[in-house]
Amino acid sequence: IHPLKNIAAMNHDVLKRILGFAALTKSYFSLLTSTAMASITIMLVANPQPSQFINMVLFFFLSTAFLNSYNNLADIKSDILTKENFPLTEGVIKPRQAALFSASVLLMAIIALIPLVVQNLHLFFVLLFDLLLGYIYSFPKIRLKRYPVIKGSVLITHTVLLPIVAGSLLIGKDVFTYGWIMVPVYLMGLAIHTVQDIGDVHGDLAMGDRTLPLILGLKRSIWLVLALL
């Protein structure tokens, strides 16, 4: 009986850790929502070949997983205040394990870009820039998410604006053709991220981040959201 209990306990711990690593990939956007938004945007702009579309879906899935997992690793201090039952704050996953996981996802995202080196070099560098943006968004010495407006702008760029650029490059179309739609999309995205920042004021304050709700206060932030929309 005792060996069976030990095996059951080990299996439970393994399952808990696996679910913990999966939770690392969730942040402002769910992993699937962000990937879907980027993929649908590319499909609407470029109507790509099935192989190209699968490649783009895979890349944005992995790049979003990297952006979110690295962000969660960098935000342990604030997550203690704003996130309950989270693997890093509960100790289910150690910071070193989270760092290795995030680095592995980044490597897989880069590998997913390799076919583009031959097919479309400009697209390769644009998506490589997306990964760099995801890194410096949370990297402590730069931490773009520390600054108001820039924080939301990076996330909007990853989810919608760069997919528009990627779709344009896939079909050799001038990206400025879609300039008219980028403005309202950007304003709506900034409004959404401002709402999310309202819910994270305690964590952002602990991390020293300067979000719009911390600068303007709750009431003015709500008016700003309505104005942006």
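About the criteria used
- Residues numbered from 1 in each chain as written.
- Predicted model: local features only at pLDDT ≥ 70, side-chain atom pairs only at ≥ 80, totals over all residues.
- Heavy atoms only, no water.
- Helix = DSSP H or I, 4+ residues; strand = E, 2+ residues; numbered from the N terminus.
- Rg over C-alpha atoms; globule rule 2.2 N^0.38 Å.
- Buried < 20%, exposed > 50% of the residue type's maximum accessible area, 1.4 Å probe, protein only.
- Contact = heavy atoms within 4.5 Å.
- Axes fitted to C-alpha atoms, helices over the stretch in contact; angles between N-to-C directions.
- Parallel < 35°, antiparallel > 145°, perpendicular 65-115°, else oblique.
- Left-handed = near helix turned anticlockwise from the far one by under 90°.
- Patch = residues over 30% accessible without salt bridge, like charges linked within 9 Å, V, L, I, M, F, W, Y side chains within 5 Å.
- Areas by Shrake-Rupley, 256 points an atom, 1.4 Å probe, with all protein chains shown as cover.
- Salt bridge = Lys/Arg side-chain N within 4 Å of Asp/Glu carboxyl O.
- Polar contact = N/O pair within 3.5 Å; in protein donor to acceptor, adjacent residues only side chain to side chain.
- Expected span 1.5 Å × (residues − 1).

When you go through the protein residue by residue, the secondary structure sums to 12 helices and 0 strands. When the helices and strands of the protein are listed from N to C terminus, the series reads α-α-α-α-α-α-α-α-α-α-α-α. Computed over its C-alpha atoms, the radius of gyration of the protein comes to 19 Å, within 12% of the 17 Å expected for a compact globule of 229 residues. In terms of principal-axis extent, the alpha carbons of the protein reach across some 65 × 50 × 30 Å. A burial count over the protein gives 43% of its 229 residues as buried. Across the protein, the fraction of contacts at a sequence separation of at least 24, relative to all contacts at a separation of at least 6, is 70%.

Here we take up the packing of helix 2 (residues 31-46) against helix 8 (residues 150-171). Look at helix 2 against helix 8: their axes get within 8 Å of each other, and the N-to-C directions meet at 30 degrees. Here helix 2 lies roughly parallel to helix 8, going by the angle between them. In terms of crossing hand, the pair formed by helix 2 and helix 8 is right-handed. Residue-level contacts link Ser34, Met37, Ala38, Thr41, Ile42, Val45 and Ala46 of helix 2 to His158, Thr159, Val160, Pro163, Ile164, Ala166, Gly167, Ser168, Leu170 and Ile171 of helix 8.

For arginine 143, which is not glycine, the phi torsion reads 45 degrees and is therefore positive. Along the polypeptide, arginine 143 turns up in the loop between helix 7 (121-138) and helix 8.

Here the focus is a nonpolar patch on the surface. Nonpolar side chains collect at one region of the surface, where Val117, Val118, Leu121 and Phe125 lie side by side and expose about 400 Å² of accessible area between them. Sorting the residues of the nonpolar patch by element identifies helix 6 (95-119) and helix 7 as the ones contributing at least two each.

Quick look at the side chain of histidine 158 now. Within the secondary structure layout, histidine 158 lies in helix 8. Assessed through its relative accessible area of 5%, histidine 158 is described here as buried. Here threonine 64 takes part through its side chain, which lies 2.9 Å from a polar atom of the side chain of histidine 158.

Next up on the list: the side chain of threonine 159. Assignment of secondary structure puts threonine 159 in helix 8. In terms of polar contacts, threonine 159 uses its side chain to reach the backbone carbonyl oxygen of leucine 155, at 2.9 Å.

As enumerated under the stated definition, the model contains 5 salt bridges in all. Between lysine 145 and aspartate 75 there is a salt bridge whose closest N-O contact spans 2.4 Å. With lysine 145 in the loop between helix 7 and helix 8 and aspartate 75 in the loop between helix 3 (50-74) and helix 4 (76-82), this pair connects stretches of sequence that are 70 residues apart. Look at aspartate 75 and you get buried, because its relative accessible area is 4%. Put simply, lysine 151 and aspartate 197 hold a salt bridge, and the shortest N to O gap is 2.8 Å.

Before going further, it helps to spend a moment on the environment of asparagine 71. Structurally, the position occupied by asparagine 71 is in helix 3. On the basis of relative accessibility, which here comes to 3%, the residue asparagine 71 falls in the buried class. Residues asparagine 71 and lysine 145, 74 residues apart in the sequence, show an inter-C-alpha distance of 9.5 Å. If we skip the residues at most four places from it in the chain, asparagine 71 touches Ser27, Tyr137, Ser138 and Lys145. Of note is the side chain of asparagine 71, whose polar atom sits 2.8 Å from the side chain of lysine 145.

Next up on the list: helix 7. The end-to-end C-alpha distance of helix 7 is 27 Å, a good match for the 26 Å that 18 residues give at a rise of 1.5 Å each. The elements touched by buried residues of helix 7 are helix 3, helix 6 and helix 8.

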